[in-house]
Amino acid sequence: MALFADWEGSKSLLAALADGAATSGVESIAAGSADLLAPLLYPGKILCAGANYYDHMAEMGFPDVRKETQRLFFFMKPPRQAVVGAGRTVEMPRDTQKFDWEIELAAVIGKTARYVTPETALNYVGAYTVAIDLSARDSNQAPDQFYKLDWVAGKGNDTCCPLGPWIVPADSLGDPQQLAMKLWVNGVLKQDSDSSKMIFSIAEQIARASQIMTLEPGDLILTGTPAGVGVPRKEFLAVGDSIEAEIEGIGRLRVSIKN
């Protein structure tokens, strides 16, 4: 979090350290040998965009998947309990039989944003990372109640927001709306899409979120998931399963499921 409190200064320092390690013979650790923690262990807020990919909406059976018929909405995850890093284990909620996966591109806010426009919104992104939004689909449903959905029970479980394997500064990533995204369960490819299929762009999401609340350095915006989740196929995660999520230009995040 301290890095993002002064992201402009931190970004320059990180670049200098990287250049120095490459040219000065400073001892370094190969990424494969490092024990990686979550790159942002205690974010301020975690805002997640729901149903924000055309192909995901189609696979879920929505009959009219046009942008003008959709409304951008968010749900939240608890920032201190939900985040785990690469190589860690995810605790499967005890009361779910429908534990599902979703790969997401996560934007880390780099400076305070309030009432920003879509045209300027990306200026407020400090970095990007890979996230996995894990969902207890059965706990998310409340068909007998007037509100129909329980977002806290379905999305707010401990350890259900893995992040990693690291953050990439926004100006080092290129166009965040043109990134390949893939997720595997036990080595089987389940999601294979790209960030161009978002209904509402990252900039539109940040602009809207900043109208609802002040976004602060170290906040996370999870920007939605593409097609390939488990629920349309009635495929769900089990204890002992492994998940790998990869986004072009960032890296591959690996976690496993435990009791």
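Keep in mind it's a predicted model, so treat the numbers as computed, not measured.

Visitor: Where do I start with the sheet that holds strand β13 (residues 188–194) in this structure?
Guide: Paired through backbone hydrogen bonds, the strands of a sheet run either parallel or antiparallel to each other. Reading across the sheet, the five strands line up as β4-β16-β15-β12-β13 and stay open at both edges, with mixed pairing between neighbours. Of all strands in the sheet, those bounded by a partner on one side alone are β4 (89–91) and β13. Averaged over neighbouring strand pairs, the angle between their axes works out to 20 degrees when direction is ignored.

Visitor: What am I meant to see in the layout of surface pockets here?
Guide: Empty space among the atoms becomes visible once a probe the size of a water molecule is rolled across them. Reported here for the largest pocket is a volume of approximately 590 Å³. For the largest pocket, the lining is made up of 19 residues, of which L14, A18, W166, I167 and P169 are closest to its centre. When residues of the lining of the largest pocket are traced back to their parent elements, those giving at least two are α2 (7–23) and β11 (161–169). Looking at the lining of the largest pocket element by element, the count peaks at six residues for α2. Here the lining of the largest pocket is composed, by residue class, of 15 nonpolar, one polar and three charged. What the second largest pocket holds in volume is close to 480 Å³. For the second largest pocket, the lining is made up of 27 residues, of which A51, M60, F62, R137 and W151 are closest to its centre. Elements represented by at least two residues in the lining of the second largest pocket include exactly α3 (54–59), α5 (137–140) and α6 (151–155). Sort the elements by how many residues they give to the lining of the second largest pocket and α5 lands first, with three residues.

Visitor: Just to check I follow, could you spell out the pairing of strand β1 (residues 46–49) for this structure?
Guide: Two faces belong to every sheet, and in a regular strand the side chains alternate between them. Neither face of β1 is exposed, since I46 and C48 on one face and L47 and A49 on the opposite face are all buried. Examined bridge by bridge, β1 and strand β14 (residues 220–222) share three bridges and lie parallel to one another. Opposite I46, over in β14, you have L220 as the bridge partner. Strand direction decides the pairing type here: β1 and strand β2 (residues 74–77), joined by four bridges, are antiparallel.

What counts as what
- Residues numbered from 1 in each chain as written.
- Predicted model: local features only at pLDDT ≥ 70, side-chain atom pairs only at ≥ 80, totals over all residues.
- Heavy atoms only, no water.
- Pairing = 2+ DSSP bridges.
- Helix = DSSP H or I, 4+ residues; strand = E, 2+ residues; numbered from the N terminus.
- Axes fitted to C-alpha atoms, helices over the stretch in contact; angles between N-to-C directions.
- 1 Å grid on protein atoms, 1.4 Å probe; cavity = no way out; pocket = protein on both sides within 12 Å on 5 of 7 lines; lining within 4 Å.
- Points joined across faces, edges and corners; volume = space filled by probe spheres on them.
- Nonpolar A, V, L, I, M, F, W, Y, C, P; charged D, E, K, R; others polar.
- Buried < 20%, exposed > 50% of the residue type's maximum accessible area, 1.4 Å probe, protein only.

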